[in-house]
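Listed here are the chains, written in short residue letters.
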There are 2 protein chains.
Amino acid sequence: MTRSNPRVLSTLERAGGFASAQEVYRLMQREGESIGLTTVYRSLQSLVDDKIVDVLRRDDGEAVYRLCGEAHHHHLVCKSCGDTVEIEGGAIEKWAKKIADEHGFREVGHTAEIFGICKKC
Amino acid sequence: MTRSNPRVLSTLERAGGFASAQEVYRLMQREGESIGLTTVYRSLQSLVDDKIVDVLRRDDGEAVYRLCGEAHHHHLVCKSCGDTVEIEGGAIEKWAKKIADEHGFREVGHTAEIFGICKKC
DNA sequence: GTGGAAATGAAAATCATTTTCATTTGTGGT
DNA sequence: ACCACAAATGAAAATGATTTTCATTTCCAC
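What you see is a predicted model, and the numbers here were worked out from it, not measured in a lab. (Residues numbered from 1 in each chain as written. Chains lettered and ligands numbered in written order. Predicted model: local features only at pLDDT ≥ 70, side-chain atom pairs only at ≥ 80, totals over all residues. Heavy atoms only, no water.)

A. Looking closely at helix 2 (residues 21-30) of chain B. Residues and elements named next belong to chain B. Every buried residue of helix 2 is listed here: Ala 21, Val 24, Leu 27 and Met 28. Along the axis of helix 2, the buried residues cluster in a sector spanning 130°; they form a single face. Where helix 2 is buried, its residues contact helix 1 (4-14), strand 1 (18-20), helix 3 (37-49) and strand 3 (63-67). Immediately beyond the C-terminal end of helix 2, within one or two residues, lies Gly 32, with a positive phi of roughly 80°. (Buried < 20%, exposed > 50% of the residue type's maximum accessible area, 1.4 Å probe, protein only. Helix = DSSP H or I, 4+ residues; strand = E, 2+ residues; numbered from the N terminus. Arc of directions from axis to C-beta. Contact = heavy atoms within 4.5 Å.)

Below, the structure is given as structure tokens:
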């Protein structure tokens with residue numbers, strides 16, 4: 001993936017760093033960019049693989065992609081408006097490590113996400 | 001919703017309190033219950049509306065339904081062989097609640113999973 | 001029983017996402 | 001420049017969960 005990747009990334013940035021694949025595609029169409037929906041999906045997926053963007057789920061199950069810094073963090077997501085707060089996970093890191101050690105697991109990683117309804121909703 | 005509702009609920013219980021609509025449907029089929037997929041969806045939705053079950057999303061976007069009040073647990077999964085250990089998440093519960101409180105979130109839930117390579121692999 | 005509202009379910013529609021596959025593009029070797 | 005081959009692209013079809021439509025069935029209240 002080389003040609004499309006940067007265009008998709010830049011569109012995602014322009015969208016406020018938070019959009020679904022369909023939205024990125026429609027936005028690029030509107031701006032006269034020539035790209036296929038399939039390629040948008042593939043580019044986003046490769047950006048996820050490269051850990052340049054993050055993916056999470058809206059309430060209706062649609063995947064939304066989000067620019068993401070390199071620092072490992074977790075998310076507090078509003079189920080209603082999709083608003084996202086990056087949070088620190090010091091406690092989690094320790095917990096994950098401890099549990100994994102207890103069970104003899106190596107090369108340990110983890111995922112954690114908190115969701116609820118935010119103040120505004 | 002009256003006739004199907006209890007049957008769907010009881011099936012969800014039997015499934016361990018955690019399953020997708022399709023899984024509930026297939027389970028009922030296998031057990032010889034006569035019910036339509038549409039009705040399973042409608043029953044689950046009404047159980048969600050009544051706050052008897054909770055809905056959240058798998059990584060692939062499929063909705064999974066969970067009995068409310070079920071003590072939920074987390075998983076330690078081996079990336080290599082898929083072996084899974086159920087673990088307790090006391091620390092996580094507290095962490096999630098604390099963070100959510102700090103940001104004024106209501107109706108809070110969370111997901112967490114630890115993965116790595118197990119002893120055998 | 002009778003009539004009408006609510007519940008049911010089969011089939012079709014919807015919608016995001018993935019797959020297939022033929023075409024285009026980029027690259028390295030000559 | 002030319003050729004060959006691999007990677008990238010995108011249109012169209014396939015997939016799979018979920019929702020909608022609509023005709024039929026069930027359940028009450030009278």
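B. Looking closely at the packing of helix 2 (residues 21-30) of chain A against helix 3 (residues 37-49) of chain A. Residues and elements named next belong to chain A. Running from N to C, helix 2 and helix 3 point in directions that differ by 125°, and their axes come no closer than 9 Å. Viewed along their axes, helix 2 and helix 3 adopt a mutual orientation that is oblique. Here helix 2 runs over helix 3; the crossing is right-handed. On helix 3, the residues that touch Ala 21, Gln 22, Val 24, Tyr 25 and Met 28 of helix 2 are Leu 37, Val 40, Tyr 41 and Leu 44. (Axes fitted to C-alpha atoms, helices over the stretch in contact; angles between N-to-C directions. Parallel < 35°, antiparallel > 145°, perpendicular 65-115°, else oblique. Left-handed = near helix turned anticlockwise from the far one by under 90°.)

C. The packing of helix 1 (residues 4-14) of chain A against helix 2 of chain A, seen in detail. Residue and element names in this part refer to chain A. As a packed pair, helix 1 and helix 2 sit with axes 10 Å apart at the nearest point and diverge in direction by 100°. With respect to their mutual orientation, helix 1 and helix 2 come out roughly perpendicular. Listed contacts from helix 2 to Arg 7, Val 8, Thr 11 and Leu 12 of helix 1 are Val 24, Leu 27 and Met 28. Residue composition of the contact of helix 1 with helix 2, by class: five nonpolar, one polar and one charged. (Nonpolar A, V, L, I, M, F, W, Y, C, P; charged D, E, K, R; others polar.)

D. Just the interface of chain A and chain B, in detail. Taken residue by residue, the interface counts 38 residues in chain A and 39 residues in chain B. Overall, the association of chain A and chain B removes approximately 3,200 Å² of surface from exposure, summing both partners, and the carbon and sulfur fraction of that is 66%. On the chain A side of the contact with chain B, Trp95(A), Phe105(A) and Phe115(A) bury the most area, a combined 22% of that side's loss. Inspection of the region where chain A meets chain B yields zero salt bridges. Across the chain A-chain B interface, the total number found is four residue pairs in polar contact (both at pLDDT 80 or more). Put simply, the parts of the chain that give the side of chain A that touches chain B at least two residues each are strand 4 (74-78), strand 5 (84-87), helix 4 (90-102) and strand 6 (106-117) of chain A. (Buried area = accessible area lost by both parts, 1.4 Å probe. Salt bridge = Lys/Arg side-chain N within 4 Å of Asp/Glu carboxyl O. Polar contact = N/O pair within 3.5 Å; in protein donor to acceptor, adjacent residues only side chain to side chain.)

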